[in-house]
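Residue-level listing of the chains:
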Amino acid sequence: MRVLFTVPPALSHFFPMVPLAWALRAAGHEVLVASSSSAVVAATGAGLPAVEVSPDVDFDAVFGVGKGTAVERAAEHRRRGEALARNGGATTEPIFKRFAHVTGLMVDGVWRVAEMFQPDLVVYGRLQGAGLLVARKLGIPALEHGVGFVREGDLAQRYLPHLAELFDRYGVPLELPRMLTLHIAPPSLMVGDGEAWYARFVPYSGGGVLPDWVTRPRPRPRVVVTLGTVLPKVVGVGGIEKVLKAAADVDADFIALGAGLEALGDLPPNVRTADWLPLTGLLACSDAIIHHGGAGSTLTAIDAAVPQLALPYGTDEFVNAGVLTRHGFGLASDIDGVNAELLRQLITDGELRARARWARGEMITRPTPAELVGALTALID
């Protein structure tokens, strides 16, 4: 079986798909990734063959990274996130329009790859409309791959009108291909409705070497602090300074991850910084995490069974923060509400830790990506 993976040019969309691509390769199937920018770099870093479909497009500019001041970008990021939360997590019309534009910049390249590769199945990131078009044009099934906690059974149908011009250009009827949806969060933690398959979330954030201090015995709790891979480009790292200063009055060690942290100047002696470390390995040797509420960070922390503190800034982060507080395995706060007392609660609250173990139990009951390969193969028979 040949499987074409196509995603928007974003790590948050591609990283959750890597374990399924690995599972297919390990079972002897051919896999090819068609995307752009950071997703292509990540694909090759994951050992997967990939094609850059839009080499001349600056997607940072398309997404407005660097446009305006950090304060202005943060305000816009928050506005979009609050709108999404008010919509119950369901994709809003402005999001459809933005990703339809991104799809338009990628679709010609994705089609060229598909025409050459002749896949039997398309696995596409939920807002990569080129996946729907290619599958419909080739008459093959498509698998919509989720990225977080939002379940929208009508997502593809609602997206279709925004892709009408592209479908018309390729002479494809404006109809959905035969398709299924795959989610990676446990059904008990999802928001929204819709039929889907569910896979166990397998964390992936790239490989890397853990420093020797990570695996040494730790005399007191260790807390990881991260804003993820995208947010620092949008809002900078200034907000994290408030968290790290509050850490000075807490009997724990804090590991802050992210590029540009040197701009914060002197930090408390119990704070260590690093540009990047593989989150999965680090959380295996840590006791809690503070993050921006991104789906990848939230799911990875669930897998590690550690309590979480989410500091949502925008996009789906408010929805994700609501999931962890509603189910009791984490806390959420505005960045200005972080203080030493809140950090101590994150570390010492036994109920939080018990609920974190419960959430992991919900996750590990689902079939692994490897266990789904047979069912995916059956789709093309």
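Computed from a prediction, not measured in an experiment: that's the story for all the values here.

A. View of the overall build of the protein chain. Along its length, the protein chain carries 18 helices and 15 strands. In summary, the protein chain has a C-alpha radius of gyration of 21 Å against a globular reference of 21 Å for 381 residues, a match within 12%. When the backbone C-alpha atoms are referred to their principal axes, the protein chain occupies close to 65 × 45 × 35 Å. Scored against the burial criterion, the 381 residues of the protein chain give a buried share of 53%. Long-range pairs, those at least 24 residues apart, make up 68% of the contacts in the protein chain between residues at least 6 apart in sequence. Taken as a whole, the protein chain presents about 15,500 Å² of accessible surface, with 52% of it coming from carbon and sulfur. Of note, the protein chain has its 34 positive side-chain charges centred 2 Å away from the centre of its 40 negative side-chain charges.

B. Structural view of the sheet that holds strand S9 (residues 197–198). In spatial order, the strands read S3-S2-S1-S4-S5-S7-S9; together these seven strands make up an open sheet with parallel pairing. Of all strands in the sheet, those with a lone pairing partner are strand S3 (50–52) and S9, marking the two edges. Pairing analysis gives four bridges linking strand S5 (residues 142–145) to strand S7 (residues 179–183), with the strands arranged parallel. Within S7, the position partnered with Glu-144 by the bridge is Thr-181.

C. Geometry of empty space enclosed by the protein. As enumerated under the stated definition, the model contains one cavity of 30 Å³ or more in all. For the largest cavity, the calculated volume is near 60 Å³. Contributing to the lining of the largest cavity are Pro-16, Pro-19, Leu-20, His-145, Leu-182, Ile-184, Ala-199, Arg-200, Phe-201, Val-202 and Pro-369. Residue classes in the lining of the largest cavity are distributed as nine nonpolar, one polar and one charged.

D. View of helix H16 (residues 340–348). Considered for burial, the residues of H16 that qualify are Ala-340, Leu-342, Leu-343, Leu-346 and Ile-347. For H16, the buried positions fall inside an angular range of 160 degrees around the axis, keeping them on one side. For H16, exposure combined with an orientation more than 90 degrees from the buried face picks out Glu-341 and Thr-348. Where H16 begins, the side chain of Asn-339 points an oxygen toward the backbone nitrogen of Glu-341, at a separation of 3.2 Å.

E. Molecular detail of the pattern of salt bridges. By the definition in use, this model includes 12 salt bridges. For the salt bridge of Asp-154 with Arg-158, the shortest nitrogen-to-oxygen distance reads 3.9 Å. For Asp-154, a relative accessible area of 41% translates into the label partly exposed. We note a salt bridge from Arg-216 to Asp-212, for which the minimum N-O separation is 2.9 Å. Take Asp-212: its relative accessible area is 48%, and that puts it in the partly exposed class. One salt-bridge network, in which partners are shared between bridges, spans Arg-126, Glu-152, Asp-154 and Arg-158.

Conventions we followed
- Residues numbered from 1 in each chain as written.
- Predicted model: local features only at pLDDT ≥ 70, side-chain atom pairs only at ≥ 80, totals over all residues.
- Heavy atoms only, no water.
- Helix = DSSP H or I, 4+ residues; strand = E, 2+ residues; numbered from the N terminus.
- Rg over C-alpha atoms; globule rule 2.2 N^0.38 Å.
- Buried < 20%, exposed > 50% of the residue type's maximum accessible area, 1.4 Å probe, protein only.
- Contact = heavy atoms within 4.5 Å.
- Areas by Shrake-Rupley, 256 points an atom, 1.4 Å probe, with all protein chains shown as cover.
- Lys, Arg positive; Asp, Glu negative; His and termini not counted.
- Charge placed at Lys NZ, Arg CZ, Asp CG, Glu CD.
- Pairing = 2+ DSSP bridges.
- 1 Å grid on protein atoms, 1.4 Å probe; cavity = no way out; pocket = protein on both sides within 12 Å on 5 of 7 lines; lining within 4 Å.
- Points joined across faces, edges and corners; volume = space filled by probe spheres on them.
- Nonpolar A, V, L, I, M, F, W, Y, C, P; charged D, E, K, R; others polar.
- Arc of directions from axis to C-beta.
- Polar contact = N/O pair within 3.5 Å; in protein donor to acceptor, adjacent residues only side chain to side chain.
- Salt bridge = Lys/Arg side-chain N within 4 Å of Asp/Glu carboxyl O.

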